[in-house]
Amino acid sequence: QVQLVESGGGLVQAGGSLRLSCAASGRTFSRYAMGWFRQAPGKGREFVAAISWSSNTYYADSVKGRFTISRDNAEMTVYLQMNGLKPEDTATYYCAVHGQPYSVGYYYAPEYDSWGQGTQVTVSS
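Residues numbered from 1 in each chain as written. Predicted model: local features only at pLDDT ≥ 70, side-chain atom pairs only at ≥ 80, totals over all residues. Heavy atoms only, no water.

Engineer: Quick one: what's the story with the pairing of strand β7 (residues 67-72), residue by residue and with numbers?
Structural biologist: Of the two faces of β7, only one is covered, namely that formed by Phe 67, Ile 69 and Arg 71; the face formed by Thr 68, Ser 70 and Asp 72 stays uncovered. Both β7 and strand β8 (residues 77-82) contribute to a ladder of 6 bridges, which runs antiparallel. Residue pairing for β8: Thr 68 is matched across the bridge by Gln 81. Counting the residues in the hairpin turn of β7 and β8 gives 4 residues, including Met 76, whose phi is positive at 55 degrees. (Buried < 20%, exposed > 50% of the residue type's maximum accessible area, 1.4 Å probe, protein only. Helix = DSSP H or I, 4+ residues; strand = E, 2+ residues; numbered from the N terminus. Pairing = 2+ DSSP bridges.)

This is the structure in structure tokens:
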């Protein structure tokens, strides 16, 4: 059993920053990749960023250079620091745990088996 709780979303102006947090429990946290995905109204779930069990990081081209993913294994928490926010970043952001330990793939939502309820990020123009 895994439970994920996201926090940190909100309403910001373009160019602003937010820091999302995701607290996990129920699984050996350090062995699994963690990911952030987002979904805007009328669109599918989109990969944003992931961090592997070995703390390698991966980003969608649309957020590279602006977002930073990190993890604190002792606290079983993953973070997404979002700088230089744009209106097109508006979406519900979901934290997820990969379904396999020591995985080598990070980009596809079906590979993740536990999801948080999401936190809303709205960026005004």
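Engineer: So, the state of the cysteines: which residues are in play, and what are the values?
Structural biologist: For the structure on display, the rule yields 1 disulfide. The partner cysteine of Cys 22 in its disulfide is Cys 95, sulfur to sulfur 2.1 Å. Taking the sign of the torsion about the S-S bond as the criterion, the disulfide between Cys 22 and Cys 95, at about -80 degrees, is left-handed. With a gap of 73 residues between them, Cys 22 in strand β3 (residues 18-25) and Cys 95 in strand β9 (residues 91-98) connect regions that are remote in the sequence. You'll find Cys 22 and Cys 95 in the same group, each marked buried. (Disulfide = S-S within 2.5 Å.)

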